[in-house]
Each structure stands twice: as C-alpha cells, then as structure tokens.
Amino acid sequence: MSGAEAAWNAIRDARAMSLTDLFTAEPDRLSRLAIEEAGLLFDFSKTHLSADLIERFAALAEASGFAAQRDALFAGEAVNVTEGRAAEHPAERGQGAPDSVARARHLHARMRGMIDAIEAELFGPIRHILHVGIGGSALGPDLLVDALGRDSNRYEVAVVSNVDGAALDAVFERFDPQATLLVIASKTFTTTETMLNAQSVLSWMEEDNVEDPYARVIALTAAPDKAVEWGVDETRILPFAESVGGRYSLWSSIGFPAALALGWDAFETLLDGAAAMDRHFREAPLHANLPLLAAYVDQYYSRVAGAETRAVFAYDERLRLLPSYLQQLEMESNGKRVKADGSPVDGPTAAITWGGVGTDAQHAVFQLLHQGTRLVPVEFVAAIEPAHALDDAHHRTLLVNCFAQGAALMAGRANDADPARAYPGDRPSTTILLDRLDPARLGALLAFYEQRTFANAVLMGINPFDQFGVELGKEIAKSIESEGTDRFDPSTRALIARALG
C-alpha cells in the first residue's frame, strides 16, 4: 500500500462529528479555521474539518509530494506532464522562475505601451472595446471588467464569446464602428468561434466605411505568427507565453481589456494582490495554508461524504460572473478520469461547480440546500464595504442574509409535529469575506481559487493543466462540413438533416 493510499484510509476512518459538536469539542475552532490573508477572511469553521482530520489530510499532502509539486510549479518545471510544458501563470504576477518573470514583465511593458498609445488616440478617438474570445480568453476579462469597471468611464467594454450571431448583434446595436477597437483573444489564433466572430466584426466595420479596419485590431495570443498570417500588424500583437494556460491567463495580455477599462495602475494592483496570495501558498504550513485547507474541504466532501456538487454564491452583484468563471477553472482543470501517470483515478475528481448571486438564489435554489436529500457544500463570498451610495439598509440586509444562510444550514431546526417544516441542519458552508472589492483583493481571491484547484489536483494525483476533453466535440463539428454525416449515428444524422438540410 502506498503512502497516499494509507493516508486516504486514515481520512476515511476519522471520527465523524456534527458541526455543532465540533464547535463544542474544539473551543479554539474559530481561531484556527478563520484565517485572514491579503484583505480577505476565510472561515472554514462551518465545515466538518476537525483538528484531527486536518492532520490526516496534511499527511496525505506529504505522501502526495505536495511541497515538491508546488515548488515545481513555481520553478517553471514541466508540471503539465501530458503536454510536456510548464504552467507559468504565477510568473505573470512575479512569482516564478526568474527568466519567466522577466519575460512576463517585458510583455506587460509592451501591453502598457499599447494602452498608452490608445489613450493618446493614436488609434483614433476610441470609445468602445469589443473583445472577442471564448473560454479562458473571455471569462477572466469579463469577470474583471464587470466586477471592477462599473464606475469607470474610460472605455465601454463588451466581451463576446458565443458564436451565436445574436451576441454580436446586441453589441453592434450600441457600439459605433468608427469608435470601436477590436480585440481578438485566442491562444492559438485558430479558435473557430473566435475567428468567425472577429471576421464578422471586421465586416461590420467595413460596412460603415471604417478606414482600414485591420488597423483597429489588437491580437492577444501565444501564436503571433498566426495572427500576422490572419492579417494583424505585428506591432498590434500582444503575445503571452505558451506555458500560460487559457483558463489561467487573465494575468497576461488576455487581461488587456480590463487594463484598458480600469487603468494600468489597477491592473498592476490586481497582479500584486494575486502575488500576495501566491506567497502565502508557498510559505504557509500544511495545516494553515488557505488553498490547501480549501482542497481538504473539497476532498472530504467529494471522496468521503459523497457530495457531487459544490455551490458558490456571491453576495455581491459585482461578482455575479464568479460562479461561471469557477466552472471553467475547476471543472476543465480537474474533470479528469486518469491520473497524471495515465492510470485510472481511484475516486471522484472535480465536483460539479455551480452557483448564483444572493439574495436572488435564496428564492430559487436554497430550498434544496436546506431541505433536499443531496449534500451540497456551499461557499459564500461577500464584501464588507458596499458598492453603492444607497441607504445602508441595502448592504446590511444583503450581509445579514448571507450570514443567516450559513447559520441556518449548520443549525437546522427540528419540527416533529410538521416534518415539512423541519430543517436537518449539519450542512456545511465556507464564507469568504473581503474587506472591500478592489483590484488587490480580487487578485488575491482569484489566485486563491487557482492554487486551490492545483492543490486539489495534487491530492488526487491528476494533471490540472491539460484539457483534452474539450477537443473531440470540436473535431466532430469541423468534420460535419468537410466529411459529411455518413459516419454519425441515426439521431445525429436526422438532427443535422432537419436543421441544416
């Protein structure tokens, strides 16, 4: 039996206690499991992590070679073993191999120079930024602009990912093609949906007689030669390293629209906040390391308690896109069926991430969370300072509801006389409380989620940096036009015939 197998057996054999009993048995529970870092408070005390269970998970981390793999990540070693390359998103925020950090800083300087040129109106009087990308090339920038740019009057930014023409049409209705900059974000510069959307934007500009539409194009890519071949001038290409994965790329030139909308100082502060979380992840011990503690929680509920999903609720309208961002980060990274060595996994991998915005979600899905038959670990994210100048009652009501939901999930309420009004309780939740939602704290929060994803992968023995599962459907879609439909099943052939002729 390997050390990791023995550690898992010990975890499964740990004594199970209710949350109420854990608070009674561990008087220091809150002081140990409510940890502040980089302007955020992480409260894990309403989870079933006991002091004993944390020690058993720490033994699993040691047996899994966590420290060595973490060091390899920051050293720029080939931790993406299936593709034989590094995963150097931490270098984008100054935490990585010296050469990689220097390269990232050079490319950031190039990006800042481009922003200076746009601000100086060397591209003309630009007011609108139309960013086309998909997946990691869209979700990160969209989240940043929506969360931090609502009060900015620098530029109006639209992020379009869907190949459905209705998405572009909605932007065309409110943007002026004479004042629009097209930003194309694609790591390979071959992504079908992105390139089709980009071509449609150019056609829209041409129809409005924009002089030289290609001069209004900025390319964000790890394949600059492909961008030049497509028609982008090399001086308008902002590269990023091939070793930066798409869903980890908002720190690179992929974050360009956010840096434009928010200003360069805000983007640098975002990087600094992420770097602060990286330093914590590198230095904190195994029993008090925030991303690792979160991974312990994830692994306990998935592999021991049998939970299949994890719900994230942002009690802040500015973070409404956070659940969608986390869906890609977590499920594309850790939704695997084999380990890094190619052997089958020995248990469930990524939970299904879902969520919404409080208080809306309370009136939609919390019925199941409180009284349903499925165990769903819940994560609440909120900020102490409001984002508005309305009556304080708005923000107070928002936060009171957030904290009340966690308390109710844990405590429950018995009702022998009317079972329909009984709440079983003992349902876990984690709360992440930001002092305020600003670039530094958002950077720290997103870096926490990235490193949590990595920590989960190490504990499961999988590679979180490839994503072969997204390729098969895309390959088949391309083949329909070029090869016909004879090789498909009867249902697929009938659908294609009915819809496409």
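Since we're looking at a predicted model, the values are computed, not measured. (Residues numbered from 1 in each chain as written. Predicted model: local features only at pLDDT ≥ 70, side-chain atom pairs only at ≥ 80, totals over all residues. Heavy atoms only, no water.)

Caption draft 1: Quick peek at the overall build of the protein chain. In terms of helices and strands, the protein chain carries 19 helices and 11 strands. Expected size for 501 residues packed as a compact globule is a radius of gyration near 23 Å; at 24 Å, the protein chain falls within 12% of this value. Overall size of the protein chain, expressed as C-alpha extent along the three principal axes, is 70 × 55 × 55 Å. Out of the 501 residues in the protein chain, the part that is buried amounts to 51%. A fraction of 74% describes how many contacts in the protein chain between residues 6 or more apart in sequence connect residues 24 or more apart. Of the roughly 22000 Å² that the protein chain leaves accessible, carbon and sulfur atoms contribute 50%. The protein chain carries 44 positive and 70 negative side-chain charges, and their two centres are separated by 4 Å. (Helix = DSSP H or I, 4+ residues; strand = E, 2+ residues; numbered from the N terminus. Rg over C-alpha atoms; globule rule 2.2 N^0.38 Å. Buried < 20%, exposed > 50% of the residue type's maximum accessible area, 1.4 Å probe, protein only. Contact = heavy atoms within 4.5 Å. Areas by Shrake-Rupley, 256 points an atom, 1.4 Å probe, with all protein chains shown as cover. Lys, Arg positive; Asp, Glu negative; His and termini not counted. Charge placed at Lys NZ, Arg CZ, Asp CG, Glu CD.)

Caption draft 2: Representation of the nonpolar core. One finds Phe256, Tyr296, Leu322, Leu442 and Tyr449 to be the most contacted residues of the largest nonpolar core, which totals 100 residues. Aside from chain neighbours lying at most four places away, what touches Tyr449 is Arg310, Val312, Leu322, Leu326, Leu329, Glu330, Glu379, Val381 and Ile432. One finds Leu130, Val160, Val201 and Ala219 within the second-largest nonpolar core, a separate group that totals 23 residues. (Core = buried A, V, L, I, M, F, W, Y, C linked by side-chain atoms within 4.5 Å.)

Caption draft 3: Looking closely at the pairing of strand E2 (residues 40-43). Pairing analysis gives 4 bridges linking strand E1 (residues 34-37) to E2, with the strands arranged antiparallel. Within E2, the residue paired with Glu37 across the bridge is Leu40. Between E1 and E2, which follow one another and run antiparallel, lie 2 residues, and Ala38 among them has a positive phi close to 55 degrees. Where E2 lies against strand E11 (residues 429-434), 4 bridges are found, and the strand directions are antiparallel. Along E11, the bridge assignment pairs Phe42 with Ile432. (Pairing = 2+ DSSP bridges.)

Caption draft 4: Quick look at the sheet that holds strand E8 (residues 309-315). Strands sit in the order E1-E2-E11-E10-E8-E9 across an open sheet of 6 strands; the sheet is mixed. Unpaired on one side and paired on the other, E1 and strand E9 (352-357) mark the two borders of the sheet. Along the sheet, successive strands turn relative to each other by an average axial angle of 15 degrees, direction set aside. With respect to the sheet, helix H14 (residues 322-334) is in contact with E8, E9 and strand E10 (378-383), its orientation differing from that of E9 by roughly 170 degrees. (Axes fitted to C-alpha atoms, helices over the stretch in contact; angles between N-to-C directions.)

Caption draft 5: Looking closely at the pattern of salt bridges. This structure, assessed with the given rule, holds 30 salt bridges. Among the salt bridges present, the one from Arg452 reaches Glu379, with a minimum N-O distance of 2.9 Å. With Arg452 in helix H17 (residues 439-460) and Glu379 in strand E10, this pair connects stretches of sequence that are 73 residues apart. We classify Glu379 as buried; its relative accessible area is 2%. (Salt bridge = Lys/Arg side-chain N within 4 Å of Asp/Glu carboxyl O.)

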